[in-house]
Amino acid sequence: MKNKVLFIIVLNQTELLDDLLLKFDEEVGQAATVIDSVGMAQHLSRLDESKVFSTIKPLVLSDHTENKTIYSVIPEDQIDLARQTVKSVLTDMGKPDTGIMFAVPVLFQEGIKQ
């Protein structure tokens, strides 16, 4: 088995989900799973001020009420292609409230078509 990684994208700009999945399928050619998710900052921003100090609350406020977490098991040699594909849709991952991506090694896999 080739070395694989779990490639994960947390997408804050959910309006780009369809474009991202289409581009990912076209460029990387790997299946992906999408789940609804909420970041800690988003969750904390909903707490009443007695639980979150008023000086901290402005730091965790977000324009997005939800995000999407996309994950895919891909061959390790496709990491750069996957990253470039995501960047081509999101354009500036350095801007706040865009999203994050990362990969972790996969030790084994079962039930995934080779």
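Residues numbered from 1 in each chain as written. Predicted model: local features only at pLDDT ≥ 70, side-chain atom pairs only at ≥ 80, totals over all residues. Heavy atoms only, no water.

Caption draft 1: Up close: the packing of helix α1 (residues 17-27) against helix α4 (residues 79-90). It is the contact of α1 with α4, at a shortest axis distance of 9 Å, that shows an interaxial angle of 145°. The two elements α1 and α4 meet at a crossing, and its hand is right-handed. Residues Asp19, Leu20, Lys23, Phe24 and Glu27 of α1 touch α4, and the partners they reach there are Leu81, Ala82, Thr85, Val86, Ser88 and Val89. Taken together, the residues of the contact of α1 with α4 sort by class into six nonpolar, two polar and three charged. (Axes fitted to C-alpha atoms, helices over the stretch in contact; angles between N-to-C directions. Helix = DSSP H or I, 4+ residues; strand = E, 2+ residues; numbered from the N terminus. Left-handed = near helix turned anticlockwise from the far one by under 90°. Contact = heavy atoms within 4.5 Å. Nonpolar A, V, L, I, M, F, W, Y, C, P; charged D, E, K, R; others polar.)

Caption draft 2: Looking closely at the nonpolar core. Within the largest apolar cluster, 17 residues are counted, with the highest numbers of intra-cluster contacts made by Phe7, Ile9, Leu20, Ile74, Val86 and Leu90. Contributing elements (two or more residues each) for this core: β1 (4-11), α1, β3 (67-75) and α4. With residues near it in sequence (within four places) discarded, isoleucine 9 still touches Leu20, Lys68, Thr69, Ile70, Val86, Ile100 and Met101. (Core = buried A, V, L, I, M, F, W, Y, C linked by side-chain atoms within 4.5 Å. Buried < 20%, exposed > 50% of the residue type's maximum accessible area, 1.4 Å probe, protein only.)

Caption draft 3: Here's a closer look at the pairing of β3. Most of β3 is tucked away, with seven of its nine residues classed as buried. The pairing of β1 with β3 spans eight bridges and is antiparallel. Note on β3: the bridge partner recorded for isoleucine 9 is isoleucine 70. Alignment of strand β2 (residues 33-37) against β3, held across five bridges, turns out to be antiparallel. From the neighbouring strand, serine 37 faces β3, where its bridge partner is asparagine 67. (Pairing = 2+ DSSP bridges.)

Caption draft 4: Structural context of the packing of aromatic side chains. By the definition in use, this model includes one aromatic pair. Their ring planes at 10° and their centres at 6.1 Å tell us that phenylalanine 7 and phenylalanine 24 sit as a pair that is stacked. Of the two residues, phenylalanine 7 is situated in strand β1 and phenylalanine 24 in helix α1; the sequence distance between them amounts to 17 residues. Phenylalanine 7 gets classed as buried once you look at its relative accessible area, which sits at 2%. (Phe/Tyr/Trp six-rings, centres within 6.5 Å; stacked < 30°, edge-to-face > 60°.)

Caption draft 5: A look at α1. Listing the buried residues of α1 in full gives Leu17, Leu20 and Phe24. The buried side chains of α1 occupy one side of the element, clustering within an arc of 65° when seen end-on. Exposed and oriented more than 90 degrees from the buried face of α1 are Asp18, Leu22, Asp25 and Glu26. Buried residues belonging to α1 abut β1, β2, β3 and α4. Positioned one or two residues after α1, glycine 29 has a phi angle of 75°, which is positive. (Arc of directions from axis to C-beta.)

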